[in-house]
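Summary of structural features
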Amino acid sequence: MKLKISKIILLILIGLCACDKSPEYFIGKWQILNVVENNESINLNDNWMHLKSNGTFESYDGNLKKNESGQWRYQTEEKRLFIDGEGENAKSEWTLSLKNDTLFFHATSDNVYLIAKKME
């Protein structure tokens, strides 16, 4: 009986780890709640990013009242999201992590990360 329970737990853990490596976990529309830079948090009002399954994205910055769109690609092994938006400085690289229902976008170039919740 203990061996069966151990095997079930092992299978569940393998399943959970496999889910985290699939790009599908971050696809959807995310409300960006905070930007944290050098341990200082800035609350955001109407900011969101919609990562679409076809490799495109749309985003909105409520403070600047600015829409943006472009392409994204994801490296599963490193959990890295590459964003190629509009404009000169629109390329960025992020390491993603998911904890409960919160997605963290960690910038690979500096000490900045975004905190986002999935929108319905």
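Before reading on, note that the structure itself is shown above.
Here is a short report on the structure shown in this document. From a predicted model like this one, the values you see are computed outputs, not experimental measurements.

Thoughts on the pairing of strand β6 (residues 80-84)
The pairing of strand β5 (residues 66-75) with β6 spans five bridges and is classified as antiparallel. Residue pairing for β6: W72 is matched across the bridge by I83. As consecutive antiparallel partners, β5 and β6 are separated by four residues, and within that stretch K79 has a phi angle of approximately 55°, a positive value. Examined bridge by bridge, β6 and strand β7 (residues 91-99) share five bridges and lie antiparallel to one another. Along β7, the bridge assignment pairs D84 with K91.

Digging into the packing of aromatic side chains
Pairs of aromatic rings are described using the distance from one ring centre to the other and the angle between the two planes. Tallying each qualifying case throughout the model produces seven aromatic pairs. On the numbers, 6.4 Å between centres and 80° between planes, the contact of Y25 with Y74 is edge-to-face. Taken together, the positions of Y25 in the loop between α1 (2-21) and β1 (28-37) and Y74 in strand β5 put the pair 49 residues apart, joining distant regions of the chain. Of the two residues examined, Y25 and Y74, each falls in the buried class. Between F26 and W72 the ring centres are 5.2 Å apart and the planes differ by 75°, which places this aromatic pair in the edge-to-face class. Remark: W72 occurs in strand β5 and F26 occurs in the loop between α1 and β1; sequence separation between them is 46 residues. Exposure class is identical for F26 and W72. Each is buried. A connected cluster of aromatic rings, assembled from ring pairs, spans Y25, F26, W72 and Y74. One cation-aromatic arrangement involves K29 over W48; the distance from NZ or CZ to the ring centre is 4.2 Å. Sitting over the ring of F82, R73 keeps its end group 4.1 Å from the ring centre.

A look at unusual backbone geometry
Even without being a glycine, N39 presents a positive backbone phi close to 65°. The residue N39 is located in the loop between β1 and β2 (40-43) in this model. Here N39 falls in the exposed class, since its relative accessible area comes to 73%. Even without glycine at this site, K79 takes up a positive phi of about 55°. Among the secondary structure elements, K79 is positioned in the loop between β5 and β6. With relative accessibility at 23%, the residue K79 sits in the partly exposed group.

Procedures and definitions
- Residues numbered from 1 in each chain as written.
- Predicted model: local features only at pLDDT ≥ 70, side-chain atom pairs only at ≥ 80, totals over all residues.
- Heavy atoms only, no water.
- Pairing = 2+ DSSP bridges.
- Helix = DSSP H or I, 4+ residues; strand = E, 2+ residues; numbered from the N terminus.
- Phe/Tyr/Trp six-rings, centres within 6.5 Å; stacked < 30°, edge-to-face > 60°.
- Buried < 20%, exposed > 50% of the residue type's maximum accessible area, 1.4 Å probe, protein only.
- Lys NZ or Arg CZ within 6 Å of the ring centre and 35° of its normal.

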